Amino acid sequence: PYNYVPTQWICVTFVALFSINTVLHFYRSFKFRMWWLIPTAVVAGFLEILGWSARLWSSVSPRLLTPFELQWVVTILAPTPFLAANFLILGKIIIRLGLQYSRLLPRLYALIFCTLDVICLIIQAAGGVIAVNKVNQNQNPDKVCVLTLSMLQGCNIVLAGVTVQSCVMALYVFCAGEFLLHFLNDTPICKISAPASEEKRCTKVMEWNLVLGLVIQTFYLFVRSTYRTIEFSNGCSGPITSTQAYVNVFDGLMMTIAMCTLNLIHPGFFLAETPQVTESVDWPRHYSACMSCATSSG
């Protein structure tokens, strides 16, 4: 079904790398009491381990459909919860750098983008299930043409989900970029009490490390999403899907770098003392002010 046999040592390498990163994320979610990392980064890592373990299985039994179907579905879904972690980190950075530079409340960023992320996950999962069910009706890995036609409908649905996810990522980059531009130029979108002093604004090195981490992760996630979009645009058994090097580099390696980056520039190192903004900021008032500013500027 692959049109090639997965290379065993590459599969073992990715299983090991994702396992190490996932264990570290799980440990640090308890160490820093960042429980939101479990349904995001940890779940993403578990899905990657499952997917590359299935490819390892296929390297031993390349004619079996079960590991092919398993890796096909879970490697498509894995980046979605990981992306949600980036959305949540952005909200926490906004709290630390200054709410006055943000068009929306951090809670709204998390709510909007995580909701869109879940929708993308559902679309991709539905497409994966449909494709797998169609393949199971044939039960013959030698009939590549039959597999291609059977999986076409599911592939199109997955393509829609991946495309929507790319658009969500682009919107996320736009919102994060707008916030950072307002912060760097010290041009608040709306006024709040006790604005950050110039000295305080210039010494937030920790937050800039987190921003750098988000930039790196988002870049590699976007590369991976672009690859998947092109892949499914050419069909489930097209030349891109049938070339092992592409999935190794543009999926496995991209996700490995993203997960390693989150471990190296971990939010627990910088956000352990995130202030309780609910005590110092009137959220409804701030939201109303932001909406008024956004309306007047538009």
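It should be noted that the structure appears before, not after, this text.
Not measured: the values here are computed from a predicted model.

Draft legend 1. Geometry of the overall build of the protein. What the protein contains, in helices and strands, is 11 helices and zero strands. Traced from its N-terminal end to its C-terminal end, the protein shows the element sequence α-α-α-α-α-α-α-α-α-α-α. The buried share of the protein, taken over its 298 residues, is 50%. The contacts in the protein between residues at least 6 apart in sequence include a share of 83% that link residues at least 24 apart.

Draft legend 2. Main features of a nonpolar patch on the surface. Together, Y246, V249, F250 and L253 give the surface a local cluster of nonpolar side chains, amounting to about 300 Å² of exposed area. Among the secondary structure elements, F250 is positioned in helix 9 (residues 244-264). By relative accessible area, which is 32% here, F250 ends up partly exposed.

Draft legend 3. The arrangement of the side chain of E48 in detail. For E48, the position within the fold is in helix 2 (residues 38-60). Here E48 occupies a buried position and makes no salt bridge, while the nearest side chain of opposite charge, R224, is found at 6.1 Å. E48 has contacts with F18, T75, A78, P79, D251 and M255, leaving out every residue within four places of it along the chain.

Draft legend 4. How the structure looks around helix 1 (residues 8-31). The end-to-end C-alpha distance of helix 1 is 35 Å, a good match for the 34 Å that 24 residues give at a rise of 1.5 Å each. By the burial criterion, the buried members of helix 1 are I10, C11, F14, V15, F18, N21, T22, H25, R28 and S29. Close packing links the buried residues of helix 1 with helix 2, helix 9 and helix 10 (267-270). Directly after helix 1, the chain includes R33, whose backbone phi takes a positive value near 55 degrees.

Draft legend 5. Representation of the pattern of salt bridges in the model. This model, assessed by the stated rule, comprises four salt bridges. When the shortest N-O distance is used, the salt bridge between R228 and E231 registers 2.6 Å. Here R228 and its partner E231 are both found in helix 8 (residues 205-233), three residues apart, which amounts to about one turn of the helix. As far as the burial class goes, R228 and E231 line up, both buried. Where salt bridges share partners, they join R224, R228, E231 and D251 into one cluster.

Draft legend 6. Broad picture of the environment of I240. Structurally, I240 can be placed in the loop between helix 8 and helix 9. Its relative accessible area of 16% is what places I240 among the buried residues. Placed 10 residues apart in sequence, I240 and I230 show a C-alpha to C-alpha distance of 8.1 Å. Those residues in contact with I240, other than ones at most four positions away along the chain, are Y227, I230, E231, N234 and Y246.

Draft legend 7. View of the packing of helix 1 against helix 9. Between helix 1 and helix 9, the shortest axis-to-axis distance is 10 Å and the interhelical angle comes to 25 degrees. Comparing their axes, helix 9 and helix 1 come out roughly parallel. Relative to helix 9, helix 1 is oriented so that their crossing is left-handed. When helix 1 is examined against helix 9, the residues I10, F14, L17, F18, N21, T22, L24, H25 and R28 are found in contact with a partner set consisting of N248, G252, L253, M255, T256, M259, C260, L262 and N263. Tallied by class, residues from the contact of helix 1 with helix 9 come to 10 nonpolar, seven polar and one charged.

Draft legend 8. Up close: unusual backbone geometry. Unusually for a residue other than glycine, N3 sits at a positive phi of about 70 degrees. Mapped onto the fold, N3 is located in the segment before helix 1.

Draft legend 9. Structural context of the packing of aromatic side chains. Within the structure shown, the criterion is met by 18 aromatic pairs. Between F14 and W52, the aromatic rings sit 4.4 Å apart at their centres with planes inclined by 40 degrees, giving tilted as the arrangement. Of this pair, F14 sits in helix 1 while W52 sits in helix 2, placing them 38 residues apart in sequence. Judged by relative accessible area, which is 7%, F14 ranks as buried. Note on F269 and F270: the rings are 6.2 Å apart at their centroids and 85 degrees apart in plane angle, and the pair reads as edge-to-face. Look at F270 and you get buried, because its relative accessible area is 14%. Through pairs of rings, three or more aromatic residues link up here, namely F87, Y109, F113 and Y172.

Rules used throughout
- Residues numbered from 1 in each chain as written.
- Predicted model: local features only at pLDDT ≥ 70, side-chain atom pairs only at ≥ 80, totals over all residues.
- Heavy atoms only, no water.
- Helix = DSSP H or I, 4+ residues; strand = E, 2+ residues; numbered from the N terminus.
- Buried < 20%, exposed > 50% of the residue type's maximum accessible area, 1.4 Å probe, protein only.
- Contact = heavy atoms within 4.5 Å.
- Patch = residues over 30% accessible without salt bridge, like charges linked within 9 Å, V, L, I, M, F, W, Y side chains within 5 Å.
- Areas by Shrake-Rupley, 256 points an atom, 1.4 Å probe, with all protein chains shown as cover.
- Salt bridge = Lys/Arg side-chain N within 4 Å of Asp/Glu carboxyl O.
- Lys, Arg positive; Asp, Glu negative; His and termini not counted.
- Expected span 1.5 Å × (residues − 1).
- Axes fitted to C-alpha atoms, helices over the stretch in contact; angles between N-to-C directions.
- Parallel < 35°, antiparallel > 145°, perpendicular 65-115°, else oblique.
- Left-handed = near helix turned anticlockwise from the far one by under 90°.
- Nonpolar A, V, L, I, M, F, W, Y, C, P; charged D, E, K, R; others polar.
- Phe/Tyr/Trp six-rings, centres within 6.5 Å; stacked < 30°, edge-to-face > 60°.

No statement about biological role is implied by the geometric values presented.
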